[in-house]
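Below, each chain spelled out in residue letters.
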Amino acid sequence: MSPFMKLFLFLCDSLSPSSWFLVQRHNLASSSSETDGVVRSGIIGEIGYIWKQTRILVCIPILQVLVTLCLVMSFLLFIERVYMSIVVVIVKLLRRRPEKVHKWEALKDDDLELANTNYPMVLIQIPMYNEKEVCQLSIGAACRLSWPLDRMIVQVLDDSTDPASKDLVNAECDKWARRGINIMSEIRDNRIGYKAGALKAGMMHHYVKQCEFVAIFDADFQPDPDFLTRTIPFLIHNHEIALVQCRWKFVNANECLMTRMQEMSLNYHFLAEQESGSSTHAFFGFNGTAGIWRIVALNEAGGWKDRTTVEDMDLAVRACLHGWKFVYVHDVEVKNELPSTFKAYRFQQHRWSCGPANLCRKMTMEILQNKKVSVLKKLYLIYNFFFIRKIVVHIFTFFFYCLILPTTVLFPELQVPKWATVYFPTTITLLNAIATPRSLHLLVFWILFENVMSMHRTKATFIGLLEAGRVNEWVVTEKLGDTLKSKLIAKATTKLFTRFGQRINWRELVVGLYIFFCGCYDFAFGGSYFYVYLFLQSCAFFVAGVGYIGTIVPTA
């Protein structure tokens, strides 16, 4: 109310009868309320106008740029996946098995028993850290390899700090030493460099100098007895080959839905990425285990370095830049265990996503300046291997399917072509599913789960590119082992909801809420059934957000 109106009421109150004053006061108050309503309506109108202009001039152009970038990434990713699939199909149709492409002659059984000096000296390294659930399996499998006993050294690199783990490792090493196996248990007084540091320290022992090749197995890997006899011939008869990588076979793939989906992703990785890289460029990323190196090549490349959390990929790229070639043998399988708890899987995926991005940052200029490899191989390393497979795939998956597409329901002006939302994703999904035919019925779950995990992979990728806080974080992937799992099943039934708050993952819940809100908006105002996908995807984020995925390990 204005000062003039207040003055007018004051004068009326002083000079006029009270009844007349009350009537006039009521009339003026009503007029004032109408004025305030008009003012409020004007303010709301101004806010609406400002939002409309902001939407047209700022939000939509920015979102349109993001959509365009995602469409470009979608196209690049689609071409890459189709290219790898075509290579694999050609390899299979022409039956270009590694034994036919490279010189390979099987070792004779009678020579094997003679243990003569014609057999090269092989070092077998098993790095481990507090892995009492699986250490006996890996040590036992390595000691059972079919190879002359005097031409093989088993080296257990035990960085364990847990007394129980140390005792189990020592007892297992003593058991096999009494059986005539040349086995060494090497213990460091620190964990500098983590796995890379342990492998580097292991290579410095005097007895390693007599070895020509080194096979590496993580603590949960169990090679078959014929592993060396099937892989060593590639290295013996082809002196340009530095690495023979074998396929992983998962012993606990059927444990839960999460392990089934991991199996689908990793089977595609081996069948498409490793096979195509080996067949066309003689290069692929070393998987850190289930492989055997030529020690001369390993040393020429500079040995193990701990500058990133992917020391295996680091070594492989450096060896490639020195002109060495790699061979992937799909038919040789090595049994191992998938992480079955969501927490362990998240830590593993952080390391596997952050490390390559950080390595790309560190090695791009080194690759460009290298004089020993062709321009084509440099392009393959930087574009195909690093940019598309290690960076674009994570960023695109999260931003496009979890942020951009849900946001388009709030901005109908944005048009996303059907090839980007239907045709390309369907093709990529089917190509992935071919690697694991028995899991075709799980495709929908796999898509939703991969979109959830893309959030963590994207965050880790940016951490690696920017060298932010957790860039060098190394958390050993937890293995439960068969013995521990049998105990946990009975225990989990009674303590399923113990310390529920510790399983809450707030990032998943926030993204899930946003996608759910977009789904509700599309359901109420949209003209399609896109909300079905949005509700399903939000449910996947909610399930992950409350930690109800994978094997639930009681904390008490």
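Cut-offs and rules
Residues numbered from 1 in each chain as written. Predicted model: local features only at pLDDT ≥ 70, side-chain atom pairs only at ≥ 80, totals over all residues. Heavy atoms only, no water. Helix = DSSP H or I, 4+ residues; strand = E, 2+ residues; numbered from the N terminus. Buried < 20%, exposed > 50% of the residue type's maximum accessible area, 1.4 Å probe, protein only. Contact = heavy atoms within 4.5 Å. Areas by Shrake-Rupley, 256 points an atom, 1.4 Å probe, with all protein chains shown as cover. UniProt positions renumbered as here; feature names shortened; annotations may be inferred. Phe/Tyr/Trp six-rings, centres within 6.5 Å; stacked < 30°, edge-to-face > 60°. Pairing = 2+ DSSP bridges. Expected span 1.5 Å × (residues − 1). Bend = angle between axes of the 7 residues up to and from the residue. Patch = residues over 30% accessible without salt bridge, like charges linked within 9 Å, V, L, I, M, F, W, Y side chains within 5 Å. Salt bridge = Lys/Arg side-chain N within 4 Å of Asp/Glu carboxyl O. Lys, Arg positive; Asp, Glu negative; His and termini not counted. Core = buried A, V, L, I, M, F, W, Y, C linked by side-chain atoms within 4.5 Å. Axes fitted to C-alpha atoms, helices over the stretch in contact; angles between N-to-C directions. Parallel < 35°, antiparallel > 145°, perpendicular 65-115°, else oblique. Left-handed = near helix turned anticlockwise from the far one by under 90°. Polar contact = N/O pair within 3.5 Å; in protein donor to acceptor, adjacent residues only side chain to side chain.

Peer 1: Explain the overall build of the protein chain to me, and be specific about the residues and the numbers.
Peer 2: On a plain count of helices and strands, the protein chain comes out with 18 helices and eight strands. Out of the 556 residues in the protein chain, the part that is buried amounts to 52%. Considering only contacts within the protein chain whose residues lie at least 6 apart along the sequence, 81% involve residues at least 24 apart. Carbon and sulfur atoms make up 63% of the accessible area of the protein chain, which amounts to about 26400 Å² in all.

Peer 1: Provide a residue-level description of the UniProt feature "transmembrane region" (unreviewed entry) in the protein chain, including the pertinent values.
Peer 2: The positions that UniProt labels "transmembrane region" (unreviewed entry) are, in the present scheme, residues 62–94, 391–411, 423–449, 504–524 and 530–553. Between the first and last C-alpha atoms of residues 504–524 the distance is 30 Å; the span itself is 90% helix and 0% strand.

Peer 1: Could you give an account of the packing of aromatic side chains, with specific residues and numbers?
Peer 2: For the coordinates displayed, the defined rule picks out 30 aromatic pairs. On the basis of an interplanar angle of 0° and a centroid distance of 3.8 Å, the ring pair of Phe78 and Phe424 is categorised as stacked. Here Phe78, found in helix H2 (residues 18–93), pairs with Phe424, found in helix H14 (residues 418–434); they are 346 residues apart in sequence, far enough to count as distant. As far as the burial class goes, Phe78 and Phe424 line up, both buried. Judged by centre distance (5.8 Å) and plane angle (20°), the ring pair of Tyr345 and Phe449 falls under stacked. Residue Tyr345 is located in helix H12 (residues 342–369), and its partner Phe449 is located in helix H15 (residues 443–466); the two are separated by 104 residues in the primary sequence. With a relative accessible area of 3%, Tyr345 lands in the buried category. An aromatic cluster is built from Phe221, Trp248, Phe270, Phe283, Phe284, Phe286, Trp293, Phe326, Tyr328, Trp352, Phe385 and Phe386, whose rings are joined through pairwise contacts.

Peer 1: I'd like to hear about the sheet that holds strand S8 (residues 325–336), residue by residue, with values.
Peer 2: Taken in spatial order, the eight strands make up an open sheet running S3-S2-S1-S4-S7-S6-S8-S5, and their pairing is mixed. Single-partner strands in this sheet number two, and they are strand S3 (183–187) and strand S5 (222–223). Sheet analysis places S5 next to S8, joined by two bridges and oriented antiparallel. Note that in S8 the partner of Pro223 across the bridge is Val334.

Peer 1: How would you sum up H15? Please name residues and give values.
Peer 2: Look at H15: 34 Å from first C-alpha to last across 24 residues, which is about the 34 Å you get at 1.5 Å a residue. Along H15, the helix axis deviates most sharply at Ser454, where the bend reaches about 30°. With 17 of 24 residues buried, H15 is to be regarded as a mostly interior element. Positive backbone phi, approximately 55°, marks Glu467, located one or two places after H15.

Peer 1: Could you give an account of a nonpolar patch on the surface, with specific residues and numbers?
Peer 2: A surface patch of nonpolar side chains, amounting to about 620 Å² of accessible area, comprises Ile56, Leu57, Val58, Ile62, Val65, Leu66 and Leu69. Within the secondary structure, Leu57 is located in helix H2. A residue is classified by how much of its surface remains accessible, and Leu57, at 60% relative accessible area, is exposed.

Peer 1: Which residues make up the side chain of Glu273, and what are the values?
Peer 2: Summarising the element assignment, Glu273 is placed in helix H9 (residues 257–280). For the buried Glu273, no salt bridge is present, and the opposite-charge side chain at shortest range is Lys390, 4.5 Å distant. Leaving out residues up to four positions away in the same chain, Glu273 has contacts with Met84, Tyr268, Arg389 and Lys390.

Peer 1: So what's going on with the environment of Cys402? Residues and values would help.
Peer 2: One can find Cys402 in helix H13 (residues 375–408). Taking the relative accessible area as the measure of exposure, Cys402 reaches 0% and is therefore buried. If sequence neighbours within four positions are ignored, Cys402 has contacts with Thr397, Asn451, Ser454, Ile515 and Phe541.

Peer 1: Lay out unusual backbone geometry in plain terms, naming residues and giving numbers.
Peer 2: The phi dihedral of Arg95 is positive, around 55°, even though this residue is not glycine. Mapped onto the secondary structure, Arg95 falls in the loop between H2 and helix H3 (98–101). Classification of Arg95 as exposed rests on a relative accessible area of 62%. Phi at Ala282 is positive, roughly 55°, even though this residue is not glycine. Along the chain, the position of Ala282 falls in the loop between H9 and strand S7 (291–294). Judged by relative accessible area, Ala282 falls into the buried class, the value being 14%.

Peer 1: Kindly report on the pairing of S7, identifying the contributing residues and their values.
Peer 2: Alternating residues of S7 divide into Gly291 and Trp293 and Ile292 and Arg294, and every residue in both groups is buried. Two elements, strand S4 (residues 213–216) and S7, share four bridges in a ladder whose sense is antiparallel. Residue pairing in the sheet places Phe213 in a bridge with Arg294 of S7. Pairing between strand S6 (residues 241–250) and S7: three bridges, direction antiparallel. The residue bridging Leu243 from the neighbouring strand is Trp293, located in S7.

Peer 1: Tell me what's going on with the nonpolar core, and back it up with residues and numbers.
Peer 2: Of all hydrophobic cores here, the largest spans 90 residues; its most connected members are Ile124, Ile139, Val154, Leu228, Trp293 and Val317. When residues no more than four places from it in sequence are discounted, the contact partners of Val317 are Phe283, Leu359, Met363, Ile367, Phe385 and Phe386. Formed by 32 residues, the second largest nonpolar core is a distinct cluster that contains Met264, Phe411, Ala433 and Val511.

Peer 1: Explain the packing of H15 against helix H17 (residues 506–525) residue by residue, including any values.
Peer 2: The interhelical angle for the contact between H15 and H17, taken along N-to-C directions, is 120°, at an axis separation of 11 Å. On the basis of the axis angle, H15 is oblique to H17. Remark: the crossing between H15 and H17 carries right-handed chirality. Contact residues: H15 offers Val452, Met455, His456 and Lys459, while H17 offers Arg507, Glu508 and Val511.

Peer 1: Break down the side chain of Thr461 for me, citing the residues and quoting the values.
Peer 2: Examined against the element boundaries, Thr461 turns out to sit in helix H15. Side-chain polar atoms of Thr461 contact the backbone oxygen of Arg457, separated by 2.7 Å. When sequence neighbours within four positions are dropped, the list of residues in contact with Thr461 reads Ser353, Ala357, Lys390, Ile391, His394 and Ile395.

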